[in-house]
Amino acid sequence: MVIFSVYVVNKAGGLIYQYDNFVPKAEVEKTFSHPLDLVLKHHDEKVVVSFGQRDGIRVGHAVLSINGLDVCGKNTADGKDILEYLKDSSNYPVSIRFGRARLSSNEKLMLASMFHSLFAIGSQLSPEVGSSGIEMLETDVFKLHCFQTLTGIKFIVLADPRQSGIDALLRKIYEIYSDFALKNPFYSLEMPIRCELFDQNLKSALEIAEKAGNFGAGS
């Protein structure tokens, strides 16, 4: 079983902590001759496939590296525009690695804020007063679990749909937050969490959860 990532969102909807525990490697590297038989375009500071699918490369996949060197957004490692580089026949044959576009820090901040809004909408749509809001969202490849404290802090875990013990894990993360963030004299409420002990104990809790499925007494 796998736990993909953890997010902590403050009561205003700001992302104050994020940790990627496991990132699936859905990447494909191929050598191409000129002309390139895929249509690429700029999208959100990345170069992505807009048309044409082959050998595991899908529409929406981003260019991650060229000739073994990681790209920098829309540019090659040496600062050239990727689309212009790939138009030049003298640069072929060329090896390109494609994969799911990685979320930038700004995108993660935006998504955390969006979920905060959806959580509030879920509470308001409830036919009963005092709804807890969204506690779980399910897709075919992962489940999003959310636990909100009385003070409005949200702890969010993305995990394999078959992973058990997530409710206990969320409460364990809250306990770690209380012990190693709130009790840290240098930590300010609602601000990003930068605490080595918090990181260490969170990683340990995720490891236990993945192996055991939940938390037993004394964990």
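This text gives an overview of the structure that appears in the document. (Residues numbered from 1 in each chain as written. Predicted model: local features only at pLDDT ≥ 70, side-chain atom pairs only at ≥ 80, totals over all residues. Heavy atoms only, no water.)

### Here we look at the overall build of the chain
Thinking step 1. Scanning the chain from N- to C-terminus turns up four helices and 11 strands.
Thinking step 2. Along the first, second and third principal axes, the C-alpha atoms of the chain reach 60 × 40 × 35 Å.
Thinking step 3. Residues counted as buried form 40% of the 219 residues belonging to the chain.
Thinking step 4. Long-range pairs, those at least 24 residues apart, make up 55% of the contacts in the chain with a sequence separation of at least 6.
Thinking step 5. With the model as given, the accessible surface of the chain reaches about 12700 Å², and the carbon-plus-sulfur share is 54%.
Thinking step 6. Between the mean site of the 23 positive side-chain charges and the mean site of the 26 negative ones, the chain shows a separation of 0 Å. (Helix = DSSP H or I, 4+ residues; strand = E, 2+ residues; numbered from the N terminus. Buried < 20%, exposed > 50% of the residue type's maximum accessible area, 1.4 Å probe, protein only. Contact = heavy atoms within 4.5 Å. Areas by Shrake-Rupley, 256 points an atom, 1.4 Å probe, with all protein chains shown as cover. Lys, Arg positive; Asp, Glu negative; His and termini not counted. Charge placed at Lys NZ, Arg CZ, Asp CG, Glu CD.)

### Concerning a nonpolar patch on the surface
Thinking step 1. Residues L103, M110, L111 and M114 make up a contiguous nonpolar surface patch of about 350 Å² in total accessible area.
Thinking step 2. Residue L111 is classed as partly exposed on the basis of its relative accessible area of 38%. (Patch = residues over 30% accessible without salt bridge, like charges linked within 9 Å, V, L, I, M, F, W, Y side chains within 5 Å. Salt bridge = Lys/Arg side-chain N within 4 Å of Asp/Glu carboxyl O.)

### Observations concerning the nonpolar core
Thinking step 1. In this structure, F155, V157, L169, Y177, I193, F198 and L202 are the most contacted members of the largest nonpolar core, which totals 26 residues.
Thinking step 2. Mapped by element, the contributors of at least two residues to this core are β1 (3-9), β2 (15-20), β11 (154-159), α3 (166-182) and α4 (196-212).
Thinking step 3. If you tally residues by element for this core, the top one is α3, at seven residues.
Thinking step 4. Contacts of L202, omitting those with residues within four sequence positions, involve V6, Y17, Y19, I173 and I176.
Thinking step 5. Among the nonpolar cores identified, the runner-up in size contains 19 residues, and I57, V63, L83 and L86 belong to it. (Core = buried A, V, L, I, M, F, W, Y, C linked by side-chain atoms within 4.5 Å.)

### A look at the sheet that holds β2
Thinking step 1. One open sheet holds the five strands; their spatial order is β2-β1-β11-β10-β9, and the pairing between them is antiparallel. Each edge of the sheet is formed by a strand with only one pairing partner; in this case those strands are β2 and β9 (136-138). For this sheet the average axis-to-axis angle between neighbouring strands, irrespective of direction, equals 10°.
Thinking step 2. Relative to β11, β1 runs antiparallel, the two being bridged by six bridges. Following the sheet pairing, V9 is matched in β11 by K154. (Pairing = 2+ DSSP bridges. Axes fitted to C-alpha atoms, helices over the stretch in contact; angles between N-to-C directions.)

### Observations concerning the pairing of strand β4 (residues 39-43)
Thinking step 1. Pairing between β4 and strand β5 (residues 46-51): five bridges, direction antiparallel. Each residue of the ladder has a partner; that of H42, found in β5, is V47.
Thinking step 2. Counting the residues that bridge the hairpin from β4 to β5 gives two residues, and of these D44 lies at a positive phi of roughly 50°.

### A closer look at helix α2 (residues 105-125)
Thinking step 1. Taking 1.5 Å per residue as the helical rise, α2 with its 21 residues ought to reach 30 Å, and the 30 Å between its terminal C-alpha atoms agrees with that figure.
Thinking step 2. Buried within α2 are the following residues: E107, K108, A112, F115, H116 and F119.
Thinking step 3. The secondary structure elements touched by the buried residues of α2 are β1, β2, β5, β9, β10 (143-148) and β11. (Expected span 1.5 Å × (residues − 1).)

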